[in-house]
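One-letter residues, chain by chain:
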Amino acid sequence: MTSAPTLLTLYYAPHTCSLSPHIVLRELDLPFTLVKVDNRSKRTEHGEDFLAINPKGYVAALQLADGRVLTEGPAILQYLADLKPEAGMAPPAGSWERARLQEMLSFITSELHAGMSPLFNAAFGEEVKQVFRERLFKRMAHVEQVLQGSPWLLGERFGVADAYLFTVLGWLRFFDIGLERWPALARFMQTVAQRPSVQAASAAEGVA
């Protein structure tokens, strides 16, 4: 078992993918502090240069007590889960089930997270955005099918992939995309939204 650091710092910005590790930190009841980042100025709420912390310039970033920094959501999520493996938020490293988790995290990252990004781009016209919406809907249909047969993405227990999916699908409201055609996804979102960790993380970030 990996011993958890005495203190972790999560650099976050509201309405971004950093909500997922924030949720996981609270699910695992790990000691951490939150530092808000202004995505435009690249300054933290304490006036620090965020680019000195993460040269990539975007959240999430997780800083350990010894100063090391880990970036990229899927990597952060798995690292956190491994700090408290008894919680079961990720299967054991090296197992078939862990490979399936990595498969799902990669799918969410490349097909849903990245697939939704063009919809935020004001430079794209409606016709272009419609092409991206149709592709996104096909990917959502796959997740809908998965959740029709299971309460969570990887079985009977809430895990890090579920926190990530909830975070990404939460952005659909910015595009007035409802979940009426995906009842399993709608049920999933309603269920996750009721978890104490999600409500606490959302309140701490000032996100409805």
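A. Expanded view of the pairing of strand 1 (residues 8–12). Most of strand 1 sits inside the fold, with five of its five residues counted as buried. The side-chain alternation of strand 1 yields two buried faces, one formed by Leu8, Leu10 and Tyr12 and the other by Thr9 and Tyr11. Examined bridge by bridge, strand 1 and strand 2 (residues 32–38) share five bridges and lie parallel to one another. Along strand 2, the bridge assignment pairs Leu8 with Phe32. In this fold, strand 1 hands off to helix 1 (residues 19–28), which returns the chain to strand 2; that crossover is right-handed. Both strand 1 and strand 4 (residues 61–63) contribute to a ladder of three bridges, which runs antiparallel. By the bridge assignment for strand 4, Leu10 is matched with Leu62.

B. The layout of surface pockets, seen in detail. There is about 450 Å³ of room inside the largest pocket. Along the walls of the largest pocket sit 17 residues, with Thr16, Cys17, His113, Ser117 and Trp171 positioned nearest its centre. For the lining of the largest pocket, the elements supplying multiple residues, two or more each, are helix 3 (73–83) and helix 4 (96–116). Of the residues contributing to the lining of the largest pocket, the split by class is eight nonpolar, seven polar and two charged. What lines the second largest pocket is a set of 19 residues, and nearest its centre among them are Phe166, Gly170, Arg173, Met189 and Ala208. Elements with a contribution of two residues or more to the lining of the second largest pocket: helix 6 (160–169), helix 7 (183–193) and helix 8 (196–205). In the lining of the second largest pocket, the residues fall into twelve nonpolar, six polar and one charged.

C. Examining the sheet that holds strand 5 (residues 69–71) more closely. Sheet architecture is open: five strands sit in the order 3-2-1-4-5, paired in mixed fashion. Each having just a single partner strand, strand 3 (43–44) and strand 5 make up the two edges of the open sheet. Sitting on the sheet, helix 1 touches strand 1 and strand 2, and the angle it makes with strand 2 is about 165°.

D. Examining the nonpolar core more closely. One finds Leu80, Ile108, Leu112, Met140, Leu165 and Leu185 to be the most contacted residues of the largest nonpolar core, which totals 65 residues. It is helix 6 that provides the largest number of residues to this core, a total of eight residues. Apart from residues lying up to four places away in sequence, Leu185 is in contact with Met140, Val143, Glu144, Leu147, Leu165, Leu169 and Leu179.

E. View of the side chain of Thr167. Here Thr167 lies in helix 6. Thr167 gets classed as buried once you look at its relative accessible area, which sits at 4%. Ignoring anything within four residues of it in the chain, the contact list for Thr167 reads Thr16, Cys17, Leu19, Ser20 and Ile23.

F. Layout of the packing of helix 6 against helix 7. It is the contact of helix 6 with helix 7, at a shortest axis distance of 10 Å, that shows an interaxial angle of 105°. As far as their axial angle goes, helix 7 and helix 6 are roughly perpendicular. When helix 6 is examined against helix 7, the residues Asp162, Leu165, Phe166 and Leu169 are found in contact with a partner set consisting of Leu185, Phe188, Met189, Val192 and Ala193. Across the contact of helix 6 with helix 7, the residue classes tally to eight nonpolar, no polar and one charged.

G. Region of the structure containing the packing of aromatic side chains. What the rule picks out here adds up to eight aromatic pairs. Ring geometry for Tyr11 and Phe50: centres 5.8 Å apart, planes at 45°, overall tilted. Linking Tyr11 in strand 1 with Phe50 in helix 2 (residues 50–53), this pair joins segments that are 39 residues apart in sequence. Accessibility assignment for this pair places Tyr11 and Phe50 in one class, buried. Taken together, a centroid distance of 5.9 Å and an interplanar angle of 75° make the contact between Trp152 and Phe188 edge-to-face. Within this pair, whereas Trp152 is found in the loop between helix 5 (126–148) and helix 6, its partner Phe188 is found in helix 7, the two being separated by 36 residues in sequence. An aromatic cluster is defined as three or more aromatic residues linked by ring pairs; in this entry it consists of Phe120, Trp171, Phe174 and Phe175. When the ring centre of Phe137 is taken as reference, the NZ or CZ atom of Arg181 above it lies at 4.6 Å. The ring of Phe158 carries Arg195 above its face, with NZ or CZ at 4.0 Å from the centroid.

Calculation criteria
Residues numbered from 1 in each chain as written. Predicted model: local features only at pLDDT ≥ 70, side-chain atom pairs only at ≥ 80, totals over all residues. Heavy atoms only, no water. Buried < 20%, exposed > 50% of the residue type's maximum accessible area, 1.4 Å probe, protein only. Helix = DSSP H or I, 4+ residues; strand = E, 2+ residues; numbered from the N terminus. Pairing = 2+ DSSP bridges. Right-handed = clockwise from strand over helix to strand, strands pointing away. 1 Å grid on protein atoms, 1.4 Å probe; cavity = no way out; pocket = protein on both sides within 12 Å on 5 of 7 lines; lining within 4 Å. Points joined across faces, edges and corners; volume = space filled by probe spheres on them. Nonpolar A, V, L, I, M, F, W, Y, C, P; charged D, E, K, R; others polar. Contact = heavy atoms within 4.5 Å. Axes fitted to C-alpha atoms, helices over the stretch in contact; angles between N-to-C directions. Core = buried A, V, L, I, M, F, W, Y, C linked by side-chain atoms within 4.5 Å. Parallel < 35°, antiparallel > 145°, perpendicular 65-115°, else oblique. Phe/Tyr/Trp six-rings, centres within 6.5 Å; stacked < 30°, edge-to-face > 60°. Lys NZ or Arg CZ within 6 Å of the ring centre and 35° of its normal.

Everything listed here is a matter of geometry and, on its own, says nothing about what the molecule does.
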